[in-house]
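# Structural overview for review
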Amino acid sequence: MTLKTGIFIIVLLIAFGGIIYNSRRLLDFLRVGKWTNRFDNIPERLYRTFVIAIGQSKIMRDPIAGPIHAFIFWGFMVLLFAVIESIGEGLLGRFSLSFLGGLYSVITVSQDVFIGLIIVSVVIALWRRFITKIKRLQGDKHERMDAQLVLYTIAVIVVALLITNATRIATGGIYPNEVRPLASFFAGFMCNCNKTLAWYEGFWWLHIIGVLGFMNYLPYSKHLHVITSVPNVYLSDLKKKNYLKPINFEDETLTQYGAKDIEDLTWKQLLDGDTCTHCGRCTSVCPANITGKVLDPRWIIIATRQRMVDKAPYQIAQGAYGFASWEDAIEGKNTQPSVLSSQLSTPGTLLGVKPNLTQEDVSSKTFIGDYIPQEMLWQCTTCQACMTECPVMIEHVDEIVDLRRNLVMMEANFPPELQSAFSSMENNYSPWAFSPSERADWSYGMGIETMEQYAAKPEKEDMILFWVGCAGSFDARAKSITKAFAELMQIAKINFKILGTEEKCTGDPARRMGNEYLAQTLIKENVETLNKYNIKKIVTTCPHCFNAIKNEWGDFGGNYDIVHHTEYVNELLANGSLVITKELEERVTYHDSCYLGRSNGIYDAPRATLESIPGLEIIEMDRSKSKGLCCGAGGGQMWMEETQGKRINIERTEEALATDAKTIASACPFCMTMMTDGVKTKEQADTVRVKDIAEILLEVVR
């Protein structure tokens, strides 16, 4: 054994010891959270990982930062082969993967290409962060130092590898099938001499120590995502749409509803904290943050990790795990907490980690309040823009709603204006204080049959249920949309019915506000009614109702074929049931509803309907489709007041007005209210109208 090999073995053992130690520490920290199964449906998870994590599909939504990060990520994947070769050389004296033949040529060429791309990307990243000073990349002093250290380390690692290869080639150490154009270029400036050999040894050590040191530094850095991002994407929720997991109120062992602290979150939510890249993409698209409010989706995830790092050592010291073991939980044997105690113990030596805070400090601080300002939680519109942009599939909205659930159901601590909405849903089955007996008043004189009337008939024909929703039943402006769509179905001779006074709120507002118990009560009552009538197909004009029925009611026995009215009228146009008979010379811009677009991927149907109208000129706003800006009504904001910053609906209205469109098209009664109010506030109501897709279509088919 050579001296080099002996020293390397010691370095390698120390490095791998640190990696194993940190891996165990991180896994133990995660086990403080509750169990959730994210190990099912392996094929779909692998596909998602390949597309999003390996393919970098989400990060490429940013045309500048996307390629920078992708080149660094893909480069390190290719350079893993170089790390293997370095370890092999350290152990065996001389080692390469040249036995791979032609594949080795591809690998070595790729390594040189990516070395060049990584160096350029690091320079650009440093420029954007410290010269251009992109807003979302500006953190505190510690974060800026961490970013510099990581970027400089990456540069050192790849430059050291480049010089290692160049000096080896210059001294005649090229391997069979090795093709390194960049390294060979620099080798041309070097001599085949002892000095070059010394440079080779020096840069070989610099490269491998840089790699091993980097791997041990990452668990203490915000760049831990280098290790956790791929697993986090693999373990992300396969419920791709706007779905909230229900609380099992029949479980009598439950003593906590929602999340008060880290032990009430799932291990996957804690992993989100470890995976956050601090890139700020989530915050940069948050409608609340954009308009000057304190809500910062990035901070919520960062604060979750900080609380975990502060509190988890004490939890672990007393054996207070959220589930017994990873092996048993994955196999489904035991997913129950190992210890339930609110008393924190002093950390022992199992992890060997000195806590950031004393036991007294941890106990005196609250997760909601000291780490995450409560005000943040009530400014979220649940628009999912943050989750759409997050390149590592962090689930911000789920955690926000879990924290709201605790505030509402455990502490009765919520904005006072929500009390009237909760009371109305409890007593009137609607967030608005209208009598349930008035729910079908909009239909008087239209000859529309209720399900109760239909069920009394001896003979039944195929029919579709029109789910009107609370806004469409009670709000004066939204009732015009309801009537327009009903009239379109009558023109198309569609056999449709309504529930009338039997219809109740879908529970969506209560659920997003955090009142899960009230939401489930409404859902179960509605499902019972629909199943009583053996309902199969539903159409609705409300994206919030659509999302709830489609994506969440299945958990309560409500499985129905539901379509949004923009999809339905588009089908009626396609099959000739509706025929456009007029032109409409007008400039129109379409506002995407978050719950229709981002939550359910419906972007084309509304636009296709508008495009089918002769004379209509459609102009897209700067932020449209999956990048569209929320109107500001979701997540219960319809019933709350914006007391900070600019109103979100004004921000969106100004963007719509900037297109010079004379009509703002919408497909959601909530969006209709917010955009209409925005146009009035901007004193443009006399020149710009806000219309639903159904209302616009009705103008040209009569």
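Below, the structure is looked at part by part. (Residues numbered from 1 in each chain as written. Predicted model: local features only at pLDDT ≥ 70, side-chain atom pairs only at ≥ 80, totals over all residues. Heavy atoms only, no water.)

## Re the layout of surface pockets
Our working rule: The distinction between a cavity and a pocket rests on a 1 Å grid over the protein atoms alone: a 1.4 Å probe fits inside a cavity but cannot get out, while a pocket stays open yet meets protein on both sides within 12 Å along at least five of seven lines, and a residue with an atom within 4 Å of a point counts as lining. Grid points are joined across faces, edges and corners, and a volume is the space filled by probe spheres set on the points. Only runs of H or I of at least four residues qualify as helices and only runs of E of at least two qualify as strands under DSSP, and these elements are numbered from the N terminus.
What the second largest pocket holds in volume is close to 1200 Å³. Lining the second largest pocket are 46 residues, with H69, I72, F73, H225 and V226 sitting closest to its centre. Within the residue set of the lining of the second largest pocket, elements represented by two or more residues are α1 (3–30), α2 (42–54), α3 (65–92), α4 (102–130), α5 (141–170), α7 (194–217) and α8 (225–234). Ranked by residue count, the leading element in the lining of the second largest pocket is α3, at 11 residues.

## Focus: unusual backbone geometry
Not every positive phi belongs to a glycine, and Y429 is a case in point at roughly 60°. For Y429, the position within the fold is in the loop between α19 (418–428) and α20 (451–455). The backbone of D660 sits at a positive phi, close to 65°, despite the residue not being glycine. As for its placement among the helices and strands, D660 is situated in the loop between α28 (648–657) and β7 (663–666).

## Focus on the pairing of strand β5 (residues 586–590)
Note the following rule: Think of it in three bands: with a 1.4 Å probe and only protein chains considered, a residue is buried below 20% of the maximum accessible area for its type, exposed above 50%, and partly exposed in between. We call two strands paired when DSSP finds no fewer than two bridges between them. The path from the first strand over the helix to the second decides the hand: if it runs clockwise while the strands point away from the viewer, the crossover is right-handed.
Taken across its five residues, β5 has four buried, putting it largely inside the fold. Examined bridge by bridge, β5 and strand β6 (residues 616–618) share three bridges and lie parallel to one another. Counterpart to R587 in the pairing with β6 is E617. Traced from β5 through helix α27 (residues 604–611) to β6, the parallel crossover comes out right-handed. Of the strand pairs in this sheet, β5 and β7 are connected by three bridges, and their pairing is parallel. Looking across to β7, one finds that T589 is bridged to I664.

## Comments concerning the pattern of salt bridges
What counts is decided by this rule: By definition, a salt bridge exists where a carboxyl oxygen of Asp or Glu is found within 4 Å of a side-chain nitrogen of Lys or Arg.
Evaluation of the coordinates by the stated rule reveals 39 salt bridges. With a closest N to O distance of 2.9 Å, K311 and D261 form a salt bridge. With a gap of 50 residues between them, K311 in helix α12 (residues 297–317) and D261 in the loop between α8 and α9 (267–275) connect regions that are remote in the sequence. Each member of the pair K311 and D261 is classed as buried. As a salt-bridge pair, E651 and R623 come within 3.1 Å of each other at their nearest N and O atoms. Taken as a pair, E651 in helix α28 and R623 in the loop between β6 and α28 lie far apart in primary sequence, 28 residues in all. On the basis of relative accessible area, E651 is assigned to the buried category, the value being 17%.

## Observations regarding helix α24 (residues 516–532)
Where we set the bar: A helix is expected to reach a length of 1.5 Å times the quantity of its residues less one. The contact criterion used throughout is that any non-hydrogen atoms of two residues lie within 4.5 Å.
The end-to-end C-alpha separation of α24 is 24 Å, in line with the 24 Å expected for 17 residues at 1.5 Å each. Of the residues making up α24, those classed as buried are E516, L518, A519, Q520, L522, I523, N526, V527, T529 and L530. In this fold, the buried residues of α24 make contact with α18 (396–410), α19, β1 (464–467), α23 (508–513) and β3 (537–540). Once α24 finishes, N534 follows within two positions and takes phi at roughly 55°, a positive value.

## Some thoughts on the sheet that holds β7
Strand pairing within a sheet occurs via backbone hydrogen bonds; the two strands may be parallel or antiparallel. Note the following rule: Helix axes are fitted to C-alpha atoms over the stretch in contact, other axes to C-alpha atoms as well, and angles between N-to-C directions run from 0 to 180 degrees.
Spatial strand order, β6-β5-β7-β8: four strands in an open sheet with parallel pairing. The strands lining the two open edges of the sheet, one partner per strand, are β6 and β8 (689–692). Within the sheet, the average angular offset between the axes of one strand and its neighbour, ignoring direction, is 35°. Pairing analysis gives four bridges linking β7 to β8, with the strands arranged parallel. Bridge pairing links T663 to R689 in β8.

## Section: the state of the cysteines
Applicable threshold: Counting rule for disulfides: a pair of cysteine sulfur atoms within 2.5 Å.
Under the criterion given, the structure shown has one disulfide. At a sulfur-sulfur separation of 2.0 Å, the disulfide partner of C191 is C193. Looking at the unpaired C470, the closest cysteine sulfur is the one in C505, lying at 4.2 Å. Residue classification places C505 among the buried positions, given a relative accessible area of 2%.

## Description of the environment of T643
Tracing the sequence through the fold places T643 in the loop between β6 and α28. A relative accessible area of 73% means that T643 is categorised as exposed. Through-space distance from the C-alpha of T643 to that of F466 is 37 Å; in sequence the pair is 177 residues apart.

## A word on the side chain of R652
Quick note on the threshold: Polar contacts, as used here, are pairs of N or O atoms within 3.5 Å; protein pairs need one atom able to donate a hydrogen and one able to accept it. Residues neighboring in sequence count only if both atoms are side-chain atoms.
Tracing the backbone shows R652 in helix α28. Among the residues examined, R652 registers a relative accessible area of 0% and is labelled buried. At 3.3 Å, the side chain of R652 and the backbone oxygen of L629 are in polar contact. Once you skip the residues sitting within four places of it in the chain, R652 turns out to touch H591, D592, M621, R623, G628, L629, C630 and M675.

## What about the sheet that holds β1?
Taking strand neighbours across the sheet as the criterion, the four strands line up as β2-β1-β3-β4 in an open arrangement whose pairing is parallel. Of all the strands in the sheet, just β2 (496–497) and β4 (561–564) have a single pairing partner and so form its edges. Pairing between β1 and β3: three bridges, direction parallel. Note on β3: the bridge partner recorded for F466 is V539. Lying on the sheet, helix α22 (residues 476–491) is in contact with β1, β2 and β3; it crosses β1 at an angle near 165°. Each of β1, β3 and β4 touches helix α26 (residues 565–574); the most contacted strand, β4, lies at about 85° to it.

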